[in-house]
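Each chain is listed here by its residues.
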Amino acid sequence: MQYISTRSKTEPVGSARAIFNGIAEDGGLYVPKLLPRLSFGELKGLLHLDYMGRAKYILSLFFTDFSKEEIDECVDSAYGSGFDTTNPAPISRSFGGISFLELWHGPTCAFKDMALQILPELMRVAVDKVGGGLKPLILAATSGDTGKAALEGFKNVKNTAIQVFYPQNGVSNMQKLQMSTQSGDNVCVTAIKGNFDDAQAGVKSLFLDEELKAELSNRGYSLSSANSINLGRLIPQIVYYFNAYCDLASEGTIDFGDSIDVAVPTGNFGNILSAYYAKLMGLPIGKLICASNKNNALKDFIRTGKYDRNRRLYKTISPSMDILVASNLERLLFTVLDGDSDKVSELMTALSEKGAYTLPEKVRQKIATMFYASHADDERTLQTIGEFFRETGYLCDTHTAVALACAKDYLQGDVFPRHILVVSTASPYKFARDVLRALEICNELPSDEFEMVEKLSTLTATPIPKPIYELKSKPVRFTEVCDVQTMRASLLDFVGAEK
Ligand SMILES: *Cc1c(COP(=O)(O)O)cnc(C)c1O
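Residues numbered from 1 in each chain as written. Predicted model: local features only at pLDDT ≥ 70, side-chain atom pairs only at ≥ 80, totals over all residues. Heavy atoms only, no water.

1. Some thoughts on the side chain of Thr108
- Here Thr108 lies in the loop between strand E3 (98–102) and helix H5 (112–116).
- A relative accessible area of 0% means that Thr108 is categorised as buried. (Helix = DSSP H or I, 4+ residues; strand = E, 2+ residues; numbered from the N terminus. Buried < 20%, exposed > 50% of the residue type's maximum accessible area, 1.4 Å probe, protein only.)

Take a look at the structure:
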């Protein structure tokens, strides 16, 4: 399997190279030259396997320059422990045609763990193959969950280092605490003055800084990314869609061969893109429901064909989706434009220069046959959590609730009846304050985060995830705050001091 850039006709690279580089040299994103397709028989063959078996099968289709032993080892060490369930991505029971794919049973209680537990393993192998003696220095901008999950994945992984930048006032208190207490010898966490897009733009410019590249190379490092643009994250996310489909069929919720719809709470478009890839690979998926919060550039895009980032960024109660520029959308464009990298490049230039671009109507229609888009603001998100809990006893977090609300919007239309898989991306305990507010069952909110967590547990009779419970007693290690302009200096400081 070879990988090419979305933006120009550069030489194709193997998966190790694509994972090691993170972003293509022309600024584009790596995409598979040709997506593998599973026959009906091959799909059926996955039924008798468990998550690990399915993961090994799917990943081996993509990472063809990895040996079987290497893939097995990566999968075993990523998903073998560290999750609080045997199946790392279990499905809830069905609530009248809707079930939840719970992607938050890993060490940071959010869906990023699904990819970031395995990325460091893949990176470790990739470095051996193509690293040329340089160690990867992972640089990440985070709107909350990515950073922590990347830190947990890479901490103490030999021959790697990681620095994470997060917007000072753009993550929840719990997320901030999770990051500032991070353990590990090779990690650094820095807050920046700005929003997530500032942090992401800052990181992007560091990647394109040739002088910095030379300076780091002198110190034995090469920059790499753990953001959702890295193939080593995108591809492992395909696995849980196959896994969920097989589980739904095995337990008899659907008949094998039936199509399902999936509703995905969307920020950078990584998770839903993986679902789209799964669909293109032959997994019976009908509609992809793209769910946004009040930051609904994607909804407008899918409905009108115009992507416009010239709008205010709202702070919402689903902060991991507070994004104006969904970076993985570029990969969707590449596919629906039939691999026309000149056109993708043109659109991306328009996006960076004018902040907007418009798709030809025919291409927009093509997207609209596969994707349905809607959004839910904070008020409706809270309402959805409360209502659903009262009706069913199932508690979901603020991100998941956005997807649930959008799934309900979808069902309002004249639609083909299919089972809907709502992708649940975070434990409700990560957003205890807002979840408690939504339930409207306590008159006065406790002021302390941990009291909220305990109250939530008592009132809903659900267990507190261990990683959140343990946070209470961890010492804070990182307090640095810098400007976007000084991110570079902060990075050099870190690798200067790091042994
Ligand atoms: C990252 C994240 C999302 C958005 O996922 P994308 O792949 O960026 O679209 C949604 N919910 C939670 C909890 C997340 O951490």
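Don't stop here, the text continues.
2. Focus on the nonpolar core
- In terms of nonpolar packing, the biggest core is built from 114 residues, with Phe63, Leu101, Tyr241, Phe242, Phe269, Tyr357 and Phe371 touching the most fellow members.
- Looking at this core, the element that brings in the most residues is helix H11 (residues 231–250), giving 13 residues.
- Once you skip the residues sitting within four places of it in the chain, Phe242 turns out to touch Leu38, Leu43, Leu46, Ile58, Ala278, Met281 and Leu283.
- Of all hydrophobic cores here, the second largest spans 41 residues; its members include Ala263, Val435, Leu439 and Val453. (Core = buried A, V, L, I, M, F, W, Y, C linked by side-chain atoms within 4.5 Å. Contact = heavy atoms within 4.5 Å.)

3. What about the site of the ligand?
- Close to the ligand lie 15 residues, the nearest being Lys112, Asp145, Gly267, Asn268 and Thr425.
- The backbone of Asn268 places a nitrogen or oxygen atom 2.7 Å from an oxygen atom of the ligand.
- One of the backbone N or O atoms of Gly270 is found 3.2 Å from an oxygen atom in the ligand.
- Burial of the ligand by the protein amounts to 97% of the accessible area it has alone, namely 380 Å².
- In this structure the site holding the ligand corresponds to the largest cavity.
- Its residues assigned to classes, the shell around the ligand comprises 5 nonpolar, 8 polar and 2 charged. (Near = heavy atom within 4 Å. Polar contact = N/O pair within 3.5 Å; in protein donor to acceptor, adjacent residues only side chain to side chain. Areas by Shrake-Rupley, 256 points an atom, 1.4 Å probe, with all protein chains shown as cover. 1 Å grid on protein atoms, 1.4 Å probe; cavity = no way out; pocket = protein on both sides within 12 Å on 5 of 7 lines; lining within 4 Å. Sits in = over half its atoms within 2 Å of the grid points. Nonpolar A, V, L, I, M, F, W, Y, C, P; charged D, E, K, R; others polar.)

4. Some details on the environment of Thr400
- Residue position: Thr400 is located in helix H18 (residues 398–412).
- Separated by 271 residues in sequence, Thr400 and Lys129 place their C-alpha atoms 39 Å apart.
- When sequence neighbours within four positions are dropped, the list of residues in contact with Thr400 reads Phe100, Val422, Val423, Ser424, Thr425 and Ala426.

5. Some words on the pattern of salt bridges
- Here the structure, examined in full by the defined rule, presents 23 salt bridges.
- We note a salt bridge from Lys193 to Asp483, for which the minimum N-O separation is 3.7 Å. Of this pair, Lys193 sits in the loop between strand E6 (187–192) and helix H9 (196–207) while Asp483 sits in the loop between strand E14 (481–482) and helix H22 (487–497), and the two are 290 residues apart along the sequence.
- Residue class for Lys193 comes out partly exposed when judged on its relative accessible area of 49%. (Salt bridge = Lys/Arg side-chain N within 4 Å of Asp/Glu carboxyl O.)

6. Considering the sheet that holds strand E7 (residues 221–225)
- Strand order across the open sheet formed by 5 strands is E7-E4-E5-E6-E14, with parallel pairing between neighbours. Here the strands that pair on one side only, and so sit at the sheet edges, are E7 and E14.
- Looking at chain direction, strand E4 (residues 135–141) and E7 are connected through 5 bridges and run parallel. The residue of E7 that forms the bridge with Pro136 is Ser222. (Pairing = 2+ DSSP bridges.)

7. Quick notes on the pairing of E3
- With 5 of 5 residues buried, E3 is to be regarded as a mostly interior element.
- Every second residue of E3 is oriented toward a common face, with Ile98, Phe100 and Glu102 on one face and Ser99 and Leu101 on the other, all of them buried.
- Here 5 bridges tie E3 to strand E13 (residues 419–424), and the two strands are oriented parallel to one another. When the bridges of E13 are listed, Ile98 appears paired with Ile420.

8. Let's talk about the sheet that holds E3
- Spatially, 5 strands are ordered E3-E13-E8-E9-E12 in an open sheet, and the strand pairing comes out parallel. At either margin of the open sheet sits one strand with a lone partner, and together these are E3 and strand E12 (371–375). Going from strand to strand, the sheet's axes swing by 25° on average, the running direction of each strand aside.
- Seen against the sheet, H18 touches E3, strand E8 (260–265), strand E9 (285–292), E12 and E13 and runs at an angle of roughly 160° to E13. (Axes fitted to C-alpha atoms, helices over the stretch in contact; angles between N-to-C directions.)

9. Focus: the packing of helix H3 (residues 51–62) against helix H4 (residues 68–79)
- Direction vectors running N to C along H3 and H4 enclose 140°, while the axes themselves pass 10 Å from each other. Here H3 is positioned oblique relative to H4, judged by the angle of their axes. Helix-helix and strand crossings are classified by hand; for H3 and H4 the assignment is right-handed. The segment H3 lies against H4, with Tyr51, Met52, Ala55, Lys56, Leu59 and Ser60 engaging Ile71, Asp72, Val75, Asp76 and Tyr79.
- Along the lines of polarity and charge, the residues of the contact of H3 with H4 split into 7 nonpolar, 1 polar and 3 charged. (Parallel < 35°, antiparallel > 145°, perpendicular 65-115°, else oblique. Left-handed = near helix turned anticlockwise from the far one by under 90°.)

10. Observations regarding helix H12 (residues 270–280)
- For H12, the tally of buried residues reaches 9 of 11 residues, placing the bulk of the element in the interior.
- Those residues of H12 that fall on the buried side of the exposure criterion are Gly270, Asn271, Ile272, Leu273, Ser274, Ala275, Tyr276, Tyr277 and Ala278.
- Downstream of H12 by one or two residues, Gly282 has phi in the positive range, about 110°.

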